[in-house]
Amino acid sequence: MSSFIAWAARHGVDVSDTRDAQMTLRFDGADVTNASKAICEGFRVWKDAGMPEERFRQARVRFYDGSVGQAWQFLNTG
């Protein structure tokens with residue numbers, strides 16, 4: 001899990017993850033293109049840590065400009 005925390009720090013992502021709530025990834029300045037790459041990298045790190053894939057896929061993603069999405073929208077499914 002420490003590698004996931006390091007990923008978040010490297011990309012300026014504030015992660016809110018409590019058991020009872022949907023996980024939220026807040027990007028503090030990355031543009032959507034860079035955020036998309038960062039989310040894909042974060043997903044790999046998350047899986048490598050043995051965390052449940054669906055938890056990450058369902059995460060809410062918030063950007064510095066107020067726009068919101070879901071992590072699965074940024075992940076390459078092919």
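### A look at the overall build of the chain
Part 1 of the reasoning: Tallying secondary structure elements over the chain gives 3 helices and 4 strands in all.
Part 2 of the reasoning: Sequence-ordered secondary structure for the chain, helices as α and strands as β, is α-β-β-α-α-β-β.
Part 3 of the reasoning: Rg of the C-alpha trace for the chain: 11 Å, near the compact-globule value of 12 Å for 78 residues, within the 12% margin.
Part 4 of the reasoning: In terms of principal-axis extent, the alpha carbons of the chain reach across some 30 × 30 × 25 Å.
Part 5 of the reasoning: In the chain, the share of contacts with a sequence separation of at least 24, taken over all contacts with a separation of at least 6, comes to 50%.
Part 6 of the reasoning: Placing the 10 positive and 10 negative side-chain charges of the chain at their respective mean positions leaves the two points 2 Å apart.

### What about the environment of S3?
Part 1 of the reasoning: Assignment of secondary structure puts S3 in helix α1 (residues 2-10).
Part 2 of the reasoning: Between the alpha carbons of S3 and P52 there is a distance of 15 Å; along the sequence they are 49 residues apart.

### Considerations on the sheet that holds strand β2 (residues 24-27)
Part 1 of the reasoning: Across the sheet, which stays open at both edges, the 4 strands sit in the order β1-β2-β3-β4 with mixed pairing between neighbours. Two strands in the sheet have a free side with no partner beyond their single neighbour: β1 (13-16) and β4 (68-70). Along the sheet, successive strands turn relative to each other by an average axial angle of 20°, direction set aside.
Part 2 of the reasoning: In this sheet, β4 lies alongside strand β3 (residues 60-62) in antiparallel orientation, the contact comprising 3 bridges. Paired with V61 across the two strands is G69, which belongs to β4.

### Things to note about the packing of aromatic side chains
Part 1 of the reasoning: According to the stated counting rule, one finds 7 aromatic pairs in the structure shown.
Part 2 of the reasoning: Ring plane angle 70° and centroid distance 4.9 Å describe the contact between F4 and W46, whose orientation is recorded as edge-to-face. Of the two residues, F4 is situated in helix α1 and W46 in helix α2 (residues 32-48); the sequence distance between them amounts to 42 residues. Exposure class is identical for F4 and W46. Each is buried.

### Here's the deal with the side chain of T24
Part 1 of the reasoning: With respect to the helices, strands and loops of the structure, T24 is situated in strand β2.
Part 2 of the reasoning: Overall, T24 belongs to the buried group, its relative accessible area being 6%.
Part 3 of the reasoning: Setting aside residues up to four positions removed in sequence, T24 forms contacts with D14, V15, S16, R60 and R62.

Parameters at a glance
Residues numbered from 1 in each chain as written. Predicted model: local features only at pLDDT ≥ 70, side-chain atom pairs only at ≥ 80, totals over all residues. Heavy atoms only, no water. Helix = DSSP H or I, 4+ residues; strand = E, 2+ residues; numbered from the N terminus. Rg over C-alpha atoms; globule rule 2.2 N^0.38 Å. Contact = heavy atoms within 4.5 Å. Lys, Arg positive; Asp, Glu negative; His and termini not counted. Charge placed at Lys NZ, Arg CZ, Asp CG, Glu CD. Pairing = 2+ DSSP bridges. Axes fitted to C-alpha atoms, helices over the stretch in contact; angles between N-to-C directions. Phe/Tyr/Trp six-rings, centres within 6.5 Å; stacked < 30°, edge-to-face > 60°. Buried < 20%, exposed > 50% of the residue type's maximum accessible area, 1.4 Å probe, protein only.

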